[in-house]
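Analysis of the macromolecular model
Chain by chain, the residues:
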Amino acid sequence: MTVRFKSPAGPATLSVTEVGPNKVEYTVKSGNGRSQGGASGPGQGCITVLRDHGSSNSCGRVDTMRPAAQPGAVVILMAAGEDGTAILRIVSG
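Residues numbered from 1 in each chain as written. Predicted model: local features only at pLDDT ≥ 70, side-chain atom pairs only at ≥ 80, totals over all residues. Heavy atoms only, no water.

1. Focus on the sheet that holds strand β1 (residues 2-7)
- Pairing is antiparallel in the open sheet, where four strands are placed in the order β1-β2-β3-β4. Each of the sheet's edge strands pairs with one partner strand only, and the pair in question is β1 and β4 (33-40). Strand-to-strand, the axes of this sheet are offset by a mean angle of 20°, without reference to chain direction.
- As paired elements, β1 and strand β2 (residues 10-20) share six bridges and run antiparallel to each other. Paired with Phe-5 across the bridge in β2 is Ala-12. (Pairing = 2+ DSSP bridges. Helix = DSSP H or I, 4+ residues; strand = E, 2+ residues; numbered from the N terminus. Axes fitted to C-alpha atoms, helices over the stretch in contact; angles between N-to-C directions.)

Spelled out as structure tokens, the structure:
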């Protein structure tokens, strides 16, 4: 699955590369940058923050509720579901 959206660096895409029970992997492309994330285990996921001049990524235990918006950034939360689904939330600030 691929999701297209606008980031501070221009058009962006998020491609989900693997989903399974308590497992998710994805790639985000924005401007000239690329970020990858992946997590496995109950309650695990990743948060990617896209800014005009770069991105940051952290994976581990995540709260699947709405991630906090950040000024001038797009925040992506991707979490693994127990039933083999993924939870995706995209928030712009």
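2. Focus on the environment of Pro-8
- By secondary structure assignment, the location of Pro-8 is in the loop between β1 and β2.
- Considering only alpha carbons, one finds Pro-8 and Arg-51, 43 residues apart in sequence, at a separation of 5.5 Å.
- Setting aside chain neighbours within four positions, we find Pro-8 in contact with Leu-50, Arg-51, Asp-52, Gly-72, Ala-73 and Val-74. (Contact = heavy atoms within 4.5 Å.)

3. Digging into the pairing of β4
- Pairing analysis gives eight bridges linking strand β3 (residues 23-30) to β4, with the strands arranged antiparallel. Residue pairing for β4: Lys-23 is matched across the bridge by Ser-40.
- Connecting β3 to the next strand, β4, in antiparallel fashion are two residues, including Gly-31 with a positive phi near 60°.

4. Some words on the confidence of the model for the protein
- For the protein, mean pLDDT is 91; residues scoring 70 or higher make up 100% of the total.
- In the model of the protein, β4 stands out as the element of lowest mean pLDDT, 90, in contrast to β1, which has the highest, 94. (pLDDT = per-residue confidence, 0-100.)

5. Digging into the nonpolar core
- Among the nonpolar cores identified, the biggest contains 14 residues, and Phe-5, Leu-14, Tyr-26, Val-28, Leu-50, Ile-76 and Met-78 are the most heavily contacted of them.
- Of all the elements in the fold, those that place two or more residues in this core are β2, β3, β5 (44-51) and β7 (74-80). (Core = buried A, V, L, I, M, F, W, Y, C linked by side-chain atoms within 4.5 Å. Buried < 20%, exposed > 50% of the residue type's maximum accessible area, 1.4 Å probe, protein only.)

6. Some points on the sheet that holds β7
- Pairing is antiparallel in the open sheet, where four strands are placed in the order β6-β5-β7-β8. Taken across any chain shown, the strands that pair with only one partner, and hence form the sheet edges, are β6 (54-61) and β8 (86-92). Taken over all neighbouring pairs, the strand axes of this sheet differ in orientation by 15° on average, direction set aside.
- Bridge count for β5 against β7 is six bridges, and the pairing is antiparallel. Considered in β7, the bridge of Cys-46 is made with Met-78.

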